[in-house]
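# Examination of the molecular architecture
What follows is each chain in one-letter form.
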Amino acid sequence: MTTMVTRAGWRARRPTSSYTQLPRARGVKVHYTGGYVSPKIVDDHDICLELMRTFQRQHIDANGWSDFAYNLAGCPHRRLLEGRGFGVMSAANGPGLNDDHYAILALVGSSGFTQPTDDLLHAVRDGIELLRKHGAGTEIKGHRDGYSTSCPGGPLYAWVRKGAPRPREAPAKPKPPKPVKVVWDGDVPRWPGRVLKHVGGAMMRGEDVRVWQDKMARRGWKLDVDGVFGEQSADVARGYRRATGLPAGDTVDKATWAMTWSWTPPPEKSA
Ligand SMILES: [Zn+2]
Ligand SMILES: [Zn+2]
């Protein structure tokens, strides 16, 4: 969940008069900052805090409002910034429109930083859900719904129209397998700690496979020393286990590995 930056956290001024109470509303309207927002904001949360102070200054000193206009703001660092807060009217949606919807500001502009990032969308979505816990109904709209403005900008408005869905979390990338290191005790390699076997699909490969193949090839078994344990290696393992009296199988388990460096059977005659 998004962390909340309190008013003290962005060094807000006190409102110049008390808010109008609004215990419930039909939903939330989404806004953007418009204007230029430095693309550096993505890596610098201080820019978010500075923007909050700038807007509050404009809203109080230039517009003559009592405070920063919005209930909440969401930033590209997946944080929510406290504006007027909950259960009160915003001054953001336009005359006559503020008692129907609360207002949340997304810190994204109309030039510079214009494409909302996943973290920004998560923050706004978190803000909407938080407002719903404090009296907001289910409607999610943009500033331009009912008021002549480009706000909240094309990309954000398209998202709002879809119902402000959570961005899909990127699926975790499968970790590449750790390369197998073969440790030698003199001329004898240590058991690599895994059973070499022929598996379908992505075949087992590694230095351990190559070392075993190399040893078997030197002993006259016919197989490619390519570090890939394919059908051919499985056949050789089967023949070798049979020749040495190991339990039947076509894998190189710990016993087969140990036997490979301790006893040399004659190669099987090919059929
Ligand atoms: Zn707006
Ligand atoms: Zn931020």
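Bear in mind that the values here come from a model prediction, so they are computed numbers and not experimental data. (Residues numbered from 1 in each chain as written. Chains lettered and ligands numbered in written order. Predicted model: local features only at pLDDT ≥ 70, side-chain atom pairs only at ≥ 80, totals over all residues. Heavy atoms only, no water.)

What follows covers the overall build of the protein. Looking only at helices and strands, the protein has 6 helices and 10 strands in total. Taken against the 2.2 N^0.38 rule, which gives 18 Å for 271 residues, the C-alpha radius of gyration of the protein at 33 Å runs more than 25% over that of a compact globule. Based on the C-alpha atoms only, the size of the protein along its principal axes is roughly 95 × 35 × 30 Å. Across the 271 residues of the protein, 45% fall into the buried class. Partitioning the intrachain contacts of the protein with sequence separation of at least 6 by distance along the chain shows that 64% fall at a separation of at least 24. Of the side chains in the protein, 40 bear a positive and 28 a negative charge, and the two mean positions are spaced by 2 Å. (Helix = DSSP H or I, 4+ residues; strand = E, 2+ residues; numbered from the N terminus. Rg over C-alpha atoms; globule rule 2.2 N^0.38 Å. Buried < 20%, exposed > 50% of the residue type's maximum accessible area, 1.4 Å probe, protein only. Contact = heavy atoms within 4.5 Å. Lys, Arg positive; Asp, Glu negative; His and termini not counted. Charge placed at Lys NZ, Arg CZ, Asp CG, Glu CD.)

Quick look at the coordination of the zinc ion (ligand 2) now. Perfect tetrahedral coordination of a metal by four donors corresponds to 109.5 degrees between them, and perfect octahedral coordination by six donors corresponds to 90 or 180 degrees. Within the protein, His45 (ND1), Cys48 (SG), Cys75 (SG) and His77 (ND1) serve as the donor atoms for the zinc ion (ligand 2), at 2.0 to 2.4 Å. What the 4 donor atoms of the zinc ion (ligand 2) show is an angle range of 99 to 116° at the metal, which sorts the shape as tetrahedral. Here the donor residues of the zinc ion (ligand 2) are spaced in sequence according to H-x2-C-x26-C-x1-H. Taken together, the residues span a long stretch of sequence, with His45 in helix 1 (residues 45-62) and His77 in the loop between strand 4 (72-75) and strand 5 (79-82) at a distance of 32 residues. (Donors = N, O, S within 2.8 Å, 3.2 Å for Na, K, Ca; no water. Tetrahedral: all angles 85-135°; square planar, octahedral: opposite > 155°, others 65-115°.)

Here we come to the pattern of salt bridges. Scanning all chains against the criterion turns up 16 salt bridges. Members of the salt-bridge network, linked through shared partners, are Arg78, Arg125, Asp126, Glu129 and Arg166. (Salt bridge = Lys/Arg side-chain N within 4 Å of Asp/Glu carboxyl O.)

The next point concerns the coordination of the zinc ion (ligand 1). In this structure, His31 (ND1), His143 (ND1) and Cys151 (SG) serve as the protein donors to the zinc ion (ligand 1), at separations of 2.0 to 2.3 Å. Summarised as a motif, the one-chain spacing of the donors to the zinc ion (ligand 1) is H-x111-H-x7-C. Under the relative-accessibility criterion, His143 is labelled buried at 10%. Exposure remark for Cys151: the relative accessible area of 6% places this residue in the buried category.

In terms of nonpolar packing, the biggest core is built from 44 residues, with Val30, Phe68, Leu81, Leu107, Val124 and Leu156 touching the most fellow members. Within the residue set of this core, elements represented by two or more residues are strand 2 (25-32), helix 1, strand 4, strand 5, strand 6 (101-106), helix 2 (118-132), strand 8 (136-142) and helix 3 (154-161). In terms of residues, this core owes the most to one element, helix 2, which gives 6 residues. With residues up to four places along the chain from it excluded, the contact list for Val124 reads Val30, Ile104, Ala106 and Trp159. Membership of the second largest hydrophobic core comes to 19 residues, among which are Val236, Tyr240, Val252 and Trp257. (Core = buried A, V, L, I, M, F, W, Y, C linked by side-chain atoms within 4.5 Å.)

When its domains are assigned, the protein resolves into domain 1 (3-161) and domain 2 (184-260). The gap between the C-alpha centroids of domain 1 and domain 2 is 64 Å. (Domains from an automatic or database assignment.)

What follows deals with the UniProt feature "domain: Peptidoglycan recognition protein family" (unreviewed entry) in the protein. Following the UniProt record, one finds the feature "domain: Peptidoglycan recognition protein family" (unreviewed entry) at residues 2-147. Taken end to end, residues 2-147 comprises 23% helix and 25% strand; its first and last C-alpha atoms sit 29 Å apart. (UniProt positions renumbered as here; feature names shortened; annotations may be inferred.)

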